[in-house]
Amino acid sequence: MTGRPMDRRLRVRGWLRTQTPLHVGGVALDPAEALPVAVDGQDRVYVPGTSLAGVLRDWMRGADPETSLLDDMWGYIRDGEPDSGQASRIVVRDAVVTTTTGTDGDGIPNEPLRPHALPVVHGVGIDRVTGAAASAFLYARTIVPAGHFLSFDLDVETTGHTLDRDRARLHALLAALKAEEIGVGAANGRGLGVVTLMASPLDVHEHDFTGRAGLLAFLGGEPEVFEESRVDAGAAALPARRETLTVQLRWKPDAPVMVRAAGEGAAIKTLPLTTRLGSDMLKLTLSGGSIKGALRSHAELIERTARGLDAPRPPIEDAAGDTAGDAAARRHAEAFLEQLDGLDAVCVLFGAARREPSTHPWGAGALTVHECVSETVVPSEVWDVVVNGAPDPDDAKDLPPSIRDALAARGLDQADHVAIDRWTGGAADHLLFSVLEPHGVDWEPIRLTVDLTRLGGHRNVALALLLLVLRDLEQRRVPLGGMVNRGFGDVAIESIEFSGNGWTSRTTLEDALRHGDIAAAWREYAGGAR
């Protein structure tokens, strides 16, 4: 493999801020525990440089499944020829996750994040027939909460021959990071891993090693600043960009809407999921996974109804003598996966589970559902009392009136309910439940992104299914969040705005449903199974 010539270097030193929770997997010692995050040799949470390089290269690749246009920059090796190819001219260093952007004199982060107290998010598969939790499909992953920072160090080694093109490509890459177009880590389709490149502190320099002046400037710590005004954007010669459709849903709750937090409060047991913004405030959160799950479940209902397909029933009763052990668990798991198969439109839009042997070519879905947070802000000192209890021992079992008033002013109130004894008709002992209901909270719009390039030849059918789901959501047939069987989750859609696929903010849902060949493609697809 040949070396990489260099007489100039473009260097970026900055910070990525996590806008949503982040998970980059580490080594799991116990399969029964939550998936851990990656840590380096100093027990610091970090994102390996290989992970960052992978997502950056994938963004540059765009809609081109081949990378020949980028081989000169990112390196390559030919199959079966170990001595062929070229090393990458881009160096991406490990990104240490920190709580601040402070560094010491050597540029080492002052306050790295430690893995010991990180939260864990849970998820469960829902059986399509019983409506209960599917056997063997409990998920748990450790996450880095939003509001943390990733050190971002990147070098592009270049020569005079490729300088203009490399400048333009670096400029495009930094613009994409600032626009939150590049996700990091796992579960990007459920809203995790959204990061943004901070405008400050950010240093982008150009090191010139072709002459004495440039070498002295580099050694003296005063290299030439990278001037964006000098960049010729047309020189980037990047592959065609991926085509996307974005959908923005402005909505308001008609009933309390919340995703239940994993932990319990000191005085109120069931609390809504929150995202901490800095050290002094929080926002309520509807996770992307929760919204995507509700949309997928309804999409399956639509496709099965239109095509006349019933979901396979789970093995409610196991064969005699085989009610425990790995065999029964595998049978239940296989039955659940079969419920998810056979719906091509759903699979291409929402994704298909990895199976051996593979029965679907889809893999990851084309739809990304972003995390939705409230516009209502809760002060951290108020929420700390809700979670941990009042510092005064006399108020430990109840919320102080001042805290209740602060919550009520933001549309949150405690609601209690009790289980009824089936014999006496009175309240059952020790079965009093309490929920902090967000009945008057204002929410930001729900955002969906569809990778139209990934849909390929299934574009019209998949878009038709998505539009039908949005139609039913607009008609209040799709509840969001948890506890929807107890009166929670009703939402009213105020507006739906499209951008992409030839649609604009003026395009109505009815216009989109009548667009092009979408309706005809859906009728042909849905009628083919009858």
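Scroll up to find the structure this text is about.
A short tour of the structure in this document, coming up.

What counts, and where the lines are drawn
Think of each chain on its own: its residues are numbered from 1, step by step along the sequence as written. Per-residue local features of the predicted model are confined to residues with pLDDT of at least 70, and side-chain atom pairs are confined, for both listing and counting, to 80 or more; whole-chain, interface and lining totals are unaffected and use all residues. Side-chain measures here rest on the full set of heavy atoms in the structure, leaving out hydrogens and waters. Each helix is a run of H or I in the DSSP string that is no shorter than four residues. Each strand is a run of E no shorter than two, and both are numbered from the N terminus. Summary of the burial criterion: residues with accessible area below 20% of their type's maximum are buried, those above 50% are exposed, and those between are partly exposed, where the area comes from a 1.4 Å probe applied to protein chains only. Contacts: residue pairs with any heavy atoms within 4.5 Å of one another. Areas reported here follow the Shrake-Rupley algorithm with a probe of radius 1.4 Å; residue values treat only the protein chains shown as occluding. Counting rule for charge: Lys and Arg are taken as positive, Asp and Glu as negative, and neither His nor the chain ends is counted. Throughout, a charge is located at the NZ atom of Lys, the CZ atom of Arg, the CG atom of Asp or the CD atom of Glu. Working definition of a nonpolar core: buried Ala, Val, Leu, Ile, Met, Phe, Trp, Tyr and Cys residues. They are joined through side-chain atoms within 4.5 Å. By this rule the span expected of a helix is its residue count minus one, scaled by 1.5 Å. Axis definition: a line fitted to C-alpha atoms, limited for helices to the stretch in contact. Angles are taken between N-to-C directions and run from 0 to 180 degrees. Small angles under 35 degrees read as roughly parallel and large ones over 145 as roughly antiparallel, with 65 to 115 read as roughly perpendicular and the rest as oblique. Polar here means any residue other than Ala, Val, Leu, Ile, Met, Phe, Trp, Tyr, Cys and Pro, which are nonpolar, and Asp, Glu, Lys and Arg, which are charged; Gly is therefore polar. To count toward a patch, a residue needs a relative accessible area above 30% and no salt bridge. Like charges then connect within 9 Å, nonpolar side chains (Val, Leu, Ile, Met, Phe, Trp, Tyr) within 5 Å. Salt bridges are counted wherever a side-chain nitrogen of Lys or Arg sits within 4 Å of a carboxyl oxygen of Asp or Glu.

Observations concerning the overall build of the protein chain
- Broken down by element type, the protein chain carries 13 helices and 19 strands.
- Taken along the three principal axes of its C-alpha coordinates, the protein chain extends 95 × 65 × 55 Å.
- Counting every position in the protein chain, which comprises 530 residues, the buried fraction comes to 45%.
- Nonlocal contacts in the protein chain, meaning residues at least 24 apart in sequence, comprise 71% of its contacts between residues at least 6 apart.
- Total accessible area computed for the protein chain in this model is approximately 26,500 Å², and 50% of it derives from carbon and sulfur atoms.
- Across the protein chain, the 54 positively charged side chains and the 75 negatively charged ones have centroids separated by 4 Å.

Quick word on the side chain of T196
- With respect to the secondary-structure elements, T196 resides in strand β8 (residues 195-197).
- We classify T196 as buried; its relative accessible area is 13%.
- Beyond its immediate chain neighbours, meaning those up to four positions away, T196 contacts W15, L16, R17, Q19, L177, K178 and E180.

Points about the nonpolar core
- Of all hydrophobic cores here, the largest spans 72 residues; its most connected members are W251, L448, V450, L470, F498 and W522.
- Of all the elements, helix α11 (residues 459-474) adds the most residues to this core, at 11 residues.
- Once residues lying within four places of it in the same chain are set aside, the contact partners of F498 are L245, T246, V247, L467, L470, W503, T504, S505, T507, T508, L509 and A512.
- In terms of nonpolar packing, the next biggest core, distinct from the first, is built from 45 residues, M73, W74, V144 and A176 among them.

Comments concerning α11
- Taking 1.5 Å of rise per residue, the 16 residues of α11 would be expected to cover 22 Å, and the 22 Å separating its terminal C-alpha atoms lies within 8% of that figure.
- Inspection of α11 places V461, A462, L463, A464, L465, L466, L467, L468, V469, L470, D472 and L473 among the buried residues, and these make up the whole buried set.
- Positive phi appears at R476, one or two residues downstream of α11, with a value of about 65°.

Some remarks on the packing of α11 against helix α13 (residues 518-527)
- Contact pair α11 / α13: the axes reach a minimum separation of 8 Å and the direction vectors enclose 95°. It follows from the interaxial angle that α11 and α13 lie roughly perpendicular. Contacts between α11 and α13 pair N460, V461, L463, A464, L465, L467 and L468 from the former with I518, A521, W522 and Y525 from the latter.
- Tallied by class, the residues present in the contact of α11 with α13 amount to 10 nonpolar, 1 polar and no charged.

A closer look at a nonpolar patch on the surface
- On the surface, V124, I126 and L138 cluster together into a nonpolar patch covering about 280 Å² of accessible area.
- Mapped onto the elements, L138 comes out in strand β6 (residues 133-142).
- Of the residues examined, L138 reaches a relative accessible area of 65% and is grouped as exposed.

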